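Notes for the structure review
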Amino acid sequence: MLSINAVNDFVVRFANVNGSGSASANNMFAKAIFRMGIPVSPKNIFPSNIQGLPTWYEVRINEKGYLGRRDGVDMMISVNPQSIVKDIAAVKTGGYFVYDNTRKLHNEIIRDDINFIGIPMMRMCMEHYKDPRKQQLFKNMVYVGALTALIDMDEAVLKNIIAEQFAKKPKLIPPNELAIKLGADYARANYECPTGLKLETRDAVGDHIMIEGNEATALGAIYAGATVMAWYPITPSTSVAKAFETNCKKLRVDPETGKKKYAFVQAEDELAAIGMVIGATWNGARAFTATSGPGISLMSEFIGLAYFAEIPAVLINVQRGGPSTGMPTRTQQPDIISTAYASHGDTKHVLLFPSTPAECFEMTATAFDLADRLQTPVFVMSDLDLGMNNHMSPPLKWDDSRVYDRGKVLTAEDLENMEEFGRYLDVDDDGVCYRTVPGTHPTKGSFFTRGTSRDEYARYTEDGQVYVRVVDRILKKWETAKSLVPKPQVQWSESETKFGILFFGTTNYSALEAMELLEEEGIQVNAMRVLAFPFTTEVEDFIDKHEYVFVIEQNRDAQFRSLLINELDAHPKKLIRVLNYDGMPITADNIKNQIVQKNPLAPQLASKPTAS
Amino acid sequence: MLSINAVNDFVVRFANVNGSGSASANNMFAKAIFRMGIPVSPKNIFPSNIQGLPTWYEVRINEKGYLGRRDGVDMMISVNPQSIVKDIAAVKTGGYFVYDNTRKLHNEIIRDDINFIGIPMMRMCMEHYKDPRKQQLFKNMVYVGALTALIDMDEAVLKNIIAEQFAKKPKLIPPNELAIKLGADYARANYECPTGLKLETRDAVGDHIMIEGNEATALGAIYAGATVMAWYPITPSTSVAKAFETNCKKLRVDPETGKKKYAFVQAEDELAAIGMVIGATWNGARAFTATSGPGISLMSEFIGLAYFAEIPAVLINVQRGGPSTGMPTRTQQPDIISTAYASHGDTKHVLLFPSTPAECFEMTATAFDLADRLQTPVFVMSDLDLGMNNHMSPPLKWDDSRVYDRGKVLTAEDLENMEEFGRYLDVDDDGVCYRTVPGTHPTKGSFFTRGTSRDEYARYTEDGQVYVRVVDRILKKWETAKSLVPKPQVQWSESETKFGILFFGTTNYSALEAMELLEEEGIQVNAMRVLAFPFTTEVEDFIDKHEYVFVIEQNRDAQFRSLLINELDAHPKKLIRVLNYDGMPITADNIKNQIVQKNPLAPQLASKPTAS
Amino acid sequence: MSYIKPTFRHPTLPKNKIGFAKADYEGKISTLCAGCGHDSISASIVQACYEMAVEPHKLAKLSGIGCSSKTPTYFLDNSHGFNSVHGRMPSVTTGAYMANRDLIYLGVSGDGDTASIGMGQFVHAIRRNLNMVYIVMNNGCYGLTKGQDSATADYGSISKAGSKNMFQAIDLAGMALELGATFVGRSFSGDKSQLVPMIKAAISHPGFAFLDVISPCVTFNNNNGSTKSYDFVREHIEATAAIDYVPPKAQISVAYAEGQSAEVKLHDGSSIHLSKLAPHWNPSDRNSAVNRLQAAKTKGEVLTGLLYIDPESQDLHELQNTVGTPLNQMGESELCPGNEALDSINSSFR
Amino acid sequence: MSYIKPTFRHPTLPKNKIGFAKADYEGKISTLCAGCGHDSISASIVQACYEMAVEPHKLAKLSGIGCSSKTPTYFLDNSHGFNSVHGRMPSVTTGAYMANRDLIYLGVSGDGDTASIGMGQFVHAIRRNLNMVYIVMNNGCYGLTKGQDSATADYGSISKAGSKNMFQAIDLAGMALELGATFVGRSFSGDKSQLVPMIKAAISHPGFAFLDVISPCVTFNNNNGSTKSYDFVREHIEATAAIDYVPPKAQISVAYAEGQSAEVKLHDGSSIHLSKLAPHWNPSDRNSAVNRLQAAKTKGEVLTGLLYIDPESQDLHELQNTVGTPLNQMGESELCPGNEALDSINSSFR
Ligand SMILES: Cc1ncc(C[n+]2csc(CCOP(=O)(O)OP(=O)(O)O)c2C)c(N)n1
Ligand SMILES: Cc1ncc(C[n+]2csc(CCOP(=O)(O)OP(=O)(O)O)c2C)c(N)n1
Ligand code: SF4
Ligand code: SF4
Ligand SMILES: [Mg+2]
Ligand SMILES: [Mg+2]
């Protein structure tokens, strides 16, 4: 049998039981690889339940730095009998199946084209630990230990991690190290180590960090000066709130008085959460919420109020599989349209699309500036993949000289010196008007905020001409927004090409990897990653420049493509759908295959001599 | 001074005070004209308030049957001093300003290019009625009386209407007739009667009726067998509920027992209303709700559930001016996108666009068939103009042999004879599966409905492949829908043309009138009125056939145009926006002007000899 | 309602201790129906704020949607106002309060706005002991949408469409007590002598101060079926189906002593029985408030007065241990942890 | 939880009077945590339906979203089920009931699902006296989203993130009483002997039957700060920040007599004090139920038992005067007024 051989380029998948304590061990595994200087990207594939169901942890190791998902498992670590049949089937020919051989495998599920590696995890734990809970928990460390031998993972690095993590409870270090040793020793004694899969220390991660997108988002909000967070728990956004609270406790408590320089309100539902955000920003604080698709639906009415009454608000939409409750623990990008045009009436909203934790941090901070500057809701469109998995990312960056752009807010002094204040007067001809915060001045600057039509002085009106003036001015802000949002990133192919690929958010790594795969097939493409909606002229130009643009996205209805043709009047026939919506992050292979298949110039290309 | 002269083709506007009892008198006026056989279209322009603010009643009389709004007032009946300056300004040169000269007009507001006709309405009422309330109310009948003289309205017809309306309270007939007489006599005694504006009896209304769209909608629901209505009050949809209840009391109460064959539930909010509808249809009844934009936003989450779990539901969206609370008493078509793609995740919904009360009736009934047949939410997209104004309409029609299409619902017998039941099995390959209603069979056919991903047997699953199968099948229903929804209506111009106009809903009359106006300017257009979303191939063909298609709609963002380019991959540059969104129904003149201005072939046309 | 309000102000108008005249607390001309109870409540708010010498810019007035929710336009023109969406004033107020603990928050709502669509937010504002005055202008119906029953409509009342309400009324004061509200009062729009001091007490209360104010809707009043008083109009209206005549009515007012009860005639000829808590009432005993309320209900009376107050009330910011400086007044220097902190955060993720 | 459930059924299993064995009332394998209180409640539902010989297809089970709301999958597999959206089960059930008055409606919800997002719908289902059984599986936290405090969490309890809950708990039974619910009971998941008959009584009740069932969450139990019993695990978990170890726990059960009280240890070492209403308790006096509940609360006890029942209860269809035939069973002939009626309708509009 041909065994897979690979160095620093393979996929390891752990098949665990939910709630069995594997997360901690699995994380240590990924971290150890990262500390060996090898780019790594772990993904949790977990059920919508708390205990007892199958859960997987899939780690792609790729020294070139392709951090998107890749199909096919090179090595499976199987510790869940429930899913074992499926797990065996998932291994690539020539791959490795590491399992707990405390109990023997049924003959009929054994494949002869993969390598079976039995480690008696449970038996060894029963021998070495008395407490049944410890037996259960250290089983996970045993397989991590075995991996040090099986794929040459650096044991010293791993031990370091253990030492760090249990620095405050040092009595836990020896039993953890024992488990590692048990696994490693058994593997070495019984199998040729390493297998064909091998790690080698590199220096390929630079100053990068490993962090979940949601944690970076929360930090971004803290750095941007958000003082009010109102939210309602919903997977996969909950950890934004949790990280906000945890980090505020560290970073935002007055050391002398122990008092909080933030307000953290778990609302009674999503409608209340966004209502609180709107109330807080109306009152001059920076405030935000984090939610997912169902929350956006519930917030729709309020989003329209913020849009029309021109109240800043930052919303983090950590997208998950829809529609309805959908696949709450799977990833998609399915809320593009429902968020971009959220609420009844003529509305459109600014969206930002981060693709790394560093961007989660930066874009969340930017979102607050944009919301204040434009006096409108701004959405950070993350997703479960980015938000809830650890990602290798450039470090979070903050310029200490950075000043919050609070937009056009009048001070008492401003008001004192003004001749006339009209909340909705377009003084600067950019569509954005001056606002005041309650309590600013004893006699000047008060006005009435409402979701109904009103005139430039915030007075209620049913006059159609005034209404048109107001909504046209609001549309002018859309043009202003184009000059403020982050610009797209472009990667040009070496040679001239008629093809572009266009994508956003977490599709980034797979798309870039697909570029290389396509190159190998003789198809050159230029690439554009869009970072924001509304689209800037660069996006329009990019589409214009190409005969065909493949729009890559993770939803069924090609929603981002809809935005492109809607807002840019791009010809729909130029924009070819490349979609993945099974709830797993899109892979480079998938992108490549779809582009090859859907390529409208395919016959031509075939007849053309290609570079490869 | 040149006075306007016109027969059966002019606009009369009444300027009243909200809550002063004018509605009743004004309605009699419009009805009298209708009974004279002359097409008439009255529109209420009312404030979002109950009493004391300006309100207008605008009546267009047009014997050709153009029933859309027309700009400019030929005759103003002014009984509201609050708005008198504006009202005087609104009259066309040569027009007529009828006012209560109990008090003298200020000199500075008098225009010398219009005719002032003073009728001492209040004074005469004080002389003839004792009760101050009667004085107030009959003032309204006095001006109606004056109009019999001023524009030759048939007094006998009017008296007939009074007699009918007070048939049950005959003591009210003489004082009403007295008021009519007072007005008419005074006008005849003091002015040349008729003025240049004149009514002449015709036979141009056929068997038409005068009815509000919302009333017709409610009747449609009753005829379609809706048994459960759940709703929450919101202008302009409230009268659908009211008419449903009132008519059910007449048509759906068991004459023997007095018991109701319907359930009418005023919900605690819109979320509850749609939840009740979903619960009821899940349980096998026909159920519906009526709401407006804010309600659709609040219902978004539930709409996604119905879409994904495949539960029929009928929603009437009587649109009003958005966004947010917007202009609650003005008309727009601003919820096209928010309704078509309501809810997070990949969703799209069937929409129907009535343009007359007869269509409100018919399409509402159709909506129930479609919802049951397709097991999905179906929206009837009415608007304030259609719903809350009386419209001349073909009579409501029902074929007694019509059988409700309840779609694929299994009976106990079906289940008994079936080998296998899977709620989400695509047995007929049309994407639509068989469902069962709770309580049908003691042991077979029960299943679990959920908003999460599930397999063909309705079992919860997180398997991405199964998920894809399910959402792809749901998309297949979209194709099936295309063969079931009403087809568009087309009107071809006499000569070949490169231009099409495309519209929907209440824009109908103005668009058709604009066709004629354009013709007069030498611009031929073909016209298509779209009746439903998804679009059928006819729509695609129509766009293909023309070089440019003007898409006429009543919102700022050209939302219907977005649907066209999104769903048909039509080239956006072909589709030219013709918009009106000031809250008033679009006029033919406005359409014509925009088309003339935006005509991309204008220079060519100018040089071409035209037919006119 | 008249649409021209005299703007002439006498130069020697009395001023309160911060130098404002009563007129400085007034708002725009009301567009409510003549005689609407809500206008009386607005007048009491003006009176209370004037008497308390509230700094107008230190008060924020918020509301939902409805005739009642329009009233913030009709009082305190020098205060910031926010007419939000239907039923969601409590959440907007919560956010506003989180942002700035130093203002007075005066929320106005209707019985539709609170007891139906806004029920959840109402309950949770109570639970959080949000520091605000929450006034429900309770007319038992949806005024602005033309008179449908609200959830506080009495059992047996007849709606405009002629249906009898078969549901028990929700007693918002009773609910507030059950939910642990720290201040609960009830009054009648026409009883200024009771209402003004109660509003003042509510403003002073550090926590959620709830006022359920019965406020008759002159137009769609549906307390019971008696229509005698404007028979003719009714007939005229019903016959023509175009219901738009709203007869102007005088505002109802009532004065009666503590411990007494009074019968008040409403515009449609029906009446309600008000009963005022006795002067020796001890409002700090929640259980007896509940019992007394229940007893009055059984007698068909509407109990008015300050039902309950918790003198130990701790408001939301105290419960959350927030700093004293309003959060909306902090800038980069107080809020941004800076690059150094970020360096160590980055390190912790390596 | 075990993922393989024995499907072997003894042929001589006892059957109830309509010929079904208890197994016929069971559902799919539970995927809840081992020892979760919710599973005990499911078992009691199975037992009650079996004993009452409920026809499975004549019962519809509905829920919102949450661990608790998942349970309808785990009981009554032969009944139609509907797992709707978060907090909105009451409205869906209302619609279902309007469509068919002949089924039994069993709604299951959580304390998050009911007391927060679903509060409004809960209140209004009570107000309408919807004929249903409404069970709240009350664990004081959001189980499915990993242990945040719910609105029924006790004052002072510590959440997973380490914050102390500063808000008073909402007492759902107290609210139901205040709102006029016609049947209000409270029990404990582990007390089958009390719970089963209470479910049976609730099913029999013609109107809204509310059961507040305390149901400990073994995983995110947060009744107080005592973590002694699984210290090690906590440490291990906190140190690594990847919280996913859920120690398997045994279900808690308790048996104690009427009129008695019992202290029940929860999985985290904390305890609650249950107090059962005395046998001579008269459950038809709403006021004394309110008082008794309040008294227990003051003592720090959780009062269990059938608190109140209104023997005169009239359900929603009776209040609405609907025909006896379920509305979903009528066709064109009963519902469509036909062309003749339409002719005269048309005429009335000319
Ligand atoms: C989401 C939404 N639903 C419905 C409405 C329509 N609406 C406006 S006011 C109102 C009811 C107001 O009743 P209440 O709060 O009692 O105020 P009142 O007019 O009686 O003072 C309703 C249903 C709305 N504005 N928004
Ligand atoms: C609209 C919406 N918001 C949030 C969620 C996420 N969510 C799922 S279950 C749940 C709370 C469940 O708590 P509870 O009802 O007490 O049930 P338990 O799990 O404790 O039994 C939440 C917030 C959701 N599914 N839908
Ligand atoms: S309708 Fe009723 S509540 Fe509204 S303003 Fe008129 S009287 Fe007041
Ligand atoms: S998390 Fe808590 S409520 Fe959910 S299943 Fe586990 S023990 Fe039960
Ligand atoms: Mg009201
Ligand atoms: Mg719970």
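Report follows, based on the coordinates. It should be emphasised that the depicted structure is a prediction, and the values quoted were computed from it without experimental measurement.

A word on the overall build of chain A
- Summing up its helical and strand segments, chain A has 20 helices and 23 strands in all.
- Based on the C-alpha atoms only, the size of chain A along its principal axes is roughly 85 × 75 × 40 Å.
- Across the 612 residues in chain A, those meeting the buried criterion constitute 70%.
- Within chain A, contacts between residues at least 6 apart in sequence are counted, and of these 75% link residues at least 24 apart.
- Of the roughly 19,200 Å² that chain A leaves accessible, carbon and sulfur atoms contribute 50%.
- Of the side-chain charges in chain A, 65 are positive and 76 negative, and the distance between the mean point of each set is 5 Å.

Some details on the site of ligand 2
- Neighbouring ligand 2 are 23 residues, the closest being Glu-270 of chain A together with Ser-68, Asp-111, Gly-112 and Gly-143 of chain D.
- Looking at what sits near ligand 2, you find residues from chains A, B and D.
- In this structure, Ser-68 of chain D approaches ligand 2 through a side-chain N or O atom, which is 2.7 Å from an oxygen atom.
- Asn-139 of chain D is positioned with one of its side-chain polar atoms (N or O) 3.0 Å from an oxygen atom of ligand 2.
- If you list the elements that add at least two residues to the shell around ligand 2, you get helix 10 (293–309) of chain A together with helix 2 (67–70), helix 4 (111–115) and strand 5 (141–142) of chain D.

Observations concerning the packing of aromatic side chains
- Considering all chains together, one arrives at 72 aromatic pairs over all chains under this definition.
- Ring centres 6.0 Å apart and planes at 80 degrees place the aromatic pair Phe-20 of chain C and Tyr-25 of chain C in the edge-to-face group.
- Residue classification places Phe-20 of chain C among the buried residues on the basis of a relative accessible area of 16%.
- Given the relative accessible area of 0%, Tyr-25 of chain C is considered buried.
- One aromatic cluster in this structure is built from Tyr-341, Phe-353, Trp-478, Phe-504, Phe-533, Phe-535 and Phe-560 of chain A.
- The cationic tip of Lys-276 of chain C hangs over the ring face of Tyr-256 of chain C; the distance from NZ or CZ to the ring centre is 4.2 Å.

Quick notes on the relation of the copies chain A and chain B
- With an RMSD of 0.0 Å, chain A superimposes on chain B once it is rotated by 180 degrees and translated 0.0 Å along the axis. Interpreted geometrically, this transformation is the action of a two-fold axis. Rotation axis and chain A: the residue whose C-alpha lies nearest the axis is His-571 of chain A, separated from it by 2.6 Å.
- A shared binding surface is used by both copies, with 100% of the interface residues of chain A retained as interface residues in chain B.

Focus: the coordination of the magnesium ion (ligand 6)
Residue and element names in this part refer to chain D.
- Protein coordination of the magnesium ion (ligand 6) is provided by Asp-111 (OD), Asn-139 (OD1) and Cys-141 (O), with donor distances spanning 2.1 to 2.2 Å.
- Between the donor residues of the magnesium ion (ligand 6), the gaps in sequence give the motif D-x27-N-x1-C. One exposure class covers both Asn-139 and Cys-141, and it is buried.

Observations concerning the packing of helix 7 (residues 213–223) of chain B against helix 12 (residues 357–374) of chain B
Residues and elements named next belong to chain B.
- Between helix 7 and helix 12, the shortest axis-to-axis distance is 7 Å and the interhelical angle comes to 35 degrees. As for the relative orientation of helix 7 and helix 12, their crossing is right-handed in sense. Contacts between helix 7 and helix 12 involve Gly-213, Ala-216, Thr-217, Leu-219, Gly-220, Ala-221 and Tyr-223 from the former and Pro-357, Cys-360, Phe-361, Thr-364, Ala-365 and Phe-368 from the latter.
- Across the contact of helix 7 with helix 12, the residue classes tally to 9 nonpolar, 4 polar and no charged.

A word on a negative patch on the surface
- A grouping of Asp-399 and Asp-400 of chain A together with Glu-340 and Asp-343 of chain C is seen on the molecular surface, where their side chains present a negatively charged patch.
- With respect to the helices and strands, the residue Asp-400 of chain A is situated in the loop between strand 16 (390–393) and helix 14 (412–417).
- By relative accessible area, Asp-400 of chain A is classed as exposed at 51%.

Remarks on the site of ligand 4
- Within the structure, ligand 4 sits among Ile-50 of chain A together with Leu-32, Cys-33, Cys-36, His-38, Cys-67, Asn-139, Gly-143, Cys-217, Val-218, Thr-219 and Phe-220 of chain D.
- Taken together, the residues near ligand 4 originate from chains A and D.
- Of the residues assigned to the shell around ligand 4, the class counts are 8 nonpolar, 4 polar and no charged.

Considering the coordination of the magnesium ion (ligand 5)
- The protein atoms that coordinate the magnesium ion (ligand 5) are Asp-111 of chain C (OD), Asn-139 of chain C (OD1) and Cys-141 of chain C (O), at distances spanning 2.0 to 2.1 Å.
- When the donors of the magnesium ion (ligand 5) are listed by position in the chain, the intervening gaps give D-x27-N-x1-C.

As for the nonpolar core
- With 320 residues, the main nonpolar core has Phe-244 and Leu-502 of chain A together with Phe-244 of chain B as its most contacted residues.
- When near neighbours in sequence (up to four residues on either side) are disregarded, Phe-244 of chain B contacts Ala-218, Ala-221, Ile-222, Ala-226, Met-229, Tyr-262, Phe-264 and Phe-288 of chain B.
- Residues Phe-29, Tyr-57, Ile-161 and Leu-199 of chain A belong to the second largest nonpolar core, which totals 59 residues.

A word on the pattern of salt bridges
Residues and elements named next belong to chain A.
- Counting across every chain of the model gives 100 salt bridges over all chains.
- Note that Arg-286 and Asp-372 form a salt bridge whose closest N and O atoms lie 2.9 Å from each other. Within this pair, whereas Arg-286 is found in the loop between helix 9 (270–282) and strand 12 (287–291), its partner Asp-372 is found in helix 12 (residues 357–374), the two being separated by 86 residues in sequence. Residues Arg-286 and Asp-372 agree in their burial class; the two are buried.
- Linked through salt bridges whose partners overlap, the residues forming this network are Arg-286, Glu-362, Asp-369, Asp-372, Arg-402, Arg-406 and Arg-435.

So, helix 7 (residues 213–223) of chain A
Residues and elements named next belong to chain A.
- When you tally the buried positions in helix 7, you get 10 out of 11 residues, the bulk of the element.
- Looking at helix 7, one finds that the buried residues are Gly-213, Asn-214, Ala-216, Thr-217, Ala-218, Leu-219, Gly-220, Ala-221, Ile-222 and Tyr-223.
- Downstream of helix 7 by one or two residues, Gly-225 has phi in the positive range, about 85 degrees.

Quick look at the sheet that holds strand 20 (residues 526–529) of chain B
All names here are of chain B.
- Read across the sheet, 5 strands follow the order 18-20-19-22-23 without closing on themselves; strand pairing throughout is mixed. For this open sheet the edge positions go to strand 18 (489–491) and strand 23 (575–579), each flanked by a neighbour on one side alone. Strand-to-strand twist across the sheet, computed as the mean angle between neighbouring axes with direction ignored, equals 20 degrees.
- Across 3 bridges, the pairing between strand 18 and strand 20 is antiparallel. The residue bridging Gln-491 from the neighbouring strand is Ala-527, located in strand 20.

A closer look at the sheet that holds strand 10 (residues 228–231) of chain B
Residues and elements named next belong to chain B.
- Strand order in the open sheet formed by 7 strands is 11-10-12-13-15-14-21, with mixed pairing between adjacent strands. Edge positions in the sheet fall to strand 11 (263–266) and strand 21 (532–533), since each of these pairs with one other strand and no more.
- When strand 12 (residues 287–291) meets strand 13 (residues 313–319), the two strands line up parallel, connected through 4 bridges. Looking at strand 13, one finds that Ala-290 is bridged to Ile-316.

Some details on the pairing of strand 19 (residues 499–504) of chain A
All names here are of chain A.
- With respect to burial, strand 19 is a largely interior element, 6 of its 6 residues being buried.
- Burial of the side chains of strand 19 extends over both faces: Phe-499, Ile-501 and Phe-503 are buried on one face and Gly-500, Leu-502 and Phe-504 on the other.
- As paired elements, strand 19 and strand 22 (residues 548–553) share 4 bridges and run parallel to each other. Residue pairing in the sheet places Ile-501 in a bridge with Phe-550 of strand 22.
- Inspection of the sheet shows strand 19 paired to strand 20 (residues 526–530) by 5 bridges, in the parallel sense. Bridged to Leu-502 within strand 20 is Met-528.
- The handedness of the strand 19 to strand 20 crossover, carried by helix 16 (residues 508–520), is right-handed.

A few points about the interface of chain D and chain A
- Residue-level contacts link 45 residues of chain D with 43 residues of chain A.
- Between chain D and chain A, a total of about 3,400 Å² is buried, with carbon and sulfur atoms accounting for 59% of that surface.
- At the surface where chain D touches chain A, the tally comes to 0 salt bridges.
- Across the chain D-chain A interface, the total number found is 7 residue pairs in polar contact (both at pLDDT 80 or more).
- By residue number, the principal contributor to the side of chain D that touches chain A is helix 8 (residues 231–240) of chain D, which donates 7 residues.
- Split into classes, the residues belonging to the side of chain D that touches chain A amount to 23 nonpolar, 14 polar and 8 charged.

Observations concerning the interface of chain A and chain B
- In this complex, chain A contributes 63 residues to the contact, which on the side of chain B involves 63 residues.
- When the area that chain A buries against chain B is broken down by residue, the three leading residues are His-344, Asp-346 and Arg-556 of chain A, summing to 15%.
- The residue Arg-561 of chain B makes a salt bridge to Asp-569 of chain A at a minimum N-O spacing of 3.0 Å.
- On the surface where chain A and chain B come into contact, there are 38 residue pairs in polar contact (both at pLDDT 80 or more).
- Of all the secondary structure elements, the ones that give two or more residues to the side of chain A that touches chain B are helix 10, helix 11 (336–340), helix 15 (464–484) and helix 18 (559–568) of chain A.
- If one sorts the elements of the side of chain A that touches chain B by residue count, helix 10 of chain A sits on top with 10 residues.
- Its residues assigned to classes, the side of chain A that touches chain B shows 23 nonpolar, 26 polar and 14 charged.

About the criteria used
Residues numbered from 1 in each chain as written. Chains lettered and ligands numbered in written order. Predicted model: local features only at pLDDT ≥ 70, side-chain atom pairs only at ≥ 80, totals over all residues. Heavy atoms only, no water. Helix = DSSP H or I, 4+ residues; strand = E, 2+ residues; numbered from the N terminus. Buried < 20%, exposed > 50% of the residue type's maximum accessible area, 1.4 Å probe, protein only. Contact = heavy atoms within 4.5 Å. Areas by Shrake-Rupley, 256 points an atom, 1.4 Å probe, with all protein chains shown as cover. Lys, Arg positive; Asp, Glu negative; His and termini not counted. Charge placed at Lys NZ, Arg CZ, Asp CG, Glu CD. Near = heavy atom within 4 Å. Polar contact = N/O pair within 3.5 Å; in protein donor to acceptor, adjacent residues only side chain to side chain. Phe/Tyr/Trp six-rings, centres within 6.5 Å; stacked < 30°, edge-to-face > 60°. Lys NZ or Arg CZ within 6 Å of the ring centre and 35° of its normal. Least-squares fit on C-alpha atoms with pLDDT ≥ 70 in both. Donors = N, O, S within 2.8 Å, 3.2 Å for Na, K, Ca; no water. Axes fitted to C-alpha atoms, helices over the stretch in contact; angles between N-to-C directions. Left-handed = near helix turned anticlockwise from the far one by under 90°. Nonpolar A, V, L, I, M, F, W, Y, C, P; charged D, E, K, R; others polar. Patch = residues over 30% accessible without salt bridge, like charges linked within 9 Å, V, L, I, M, F, W, Y side chains within 5 Å. Salt bridge = Lys/Arg side-chain N within 4 Å of Asp/Glu carboxyl O. Core = buried A, V, L, I, M, F, W, Y, C linked by side-chain atoms within 4.5 Å. Pairing = 2+ DSSP bridges. Right-handed = clockwise from strand over helix to strand, strands pointing away. Buried area = accessible area lost by both parts, 1.4 Å probe.

Nothing here speaks to function; it is geometry throughout.
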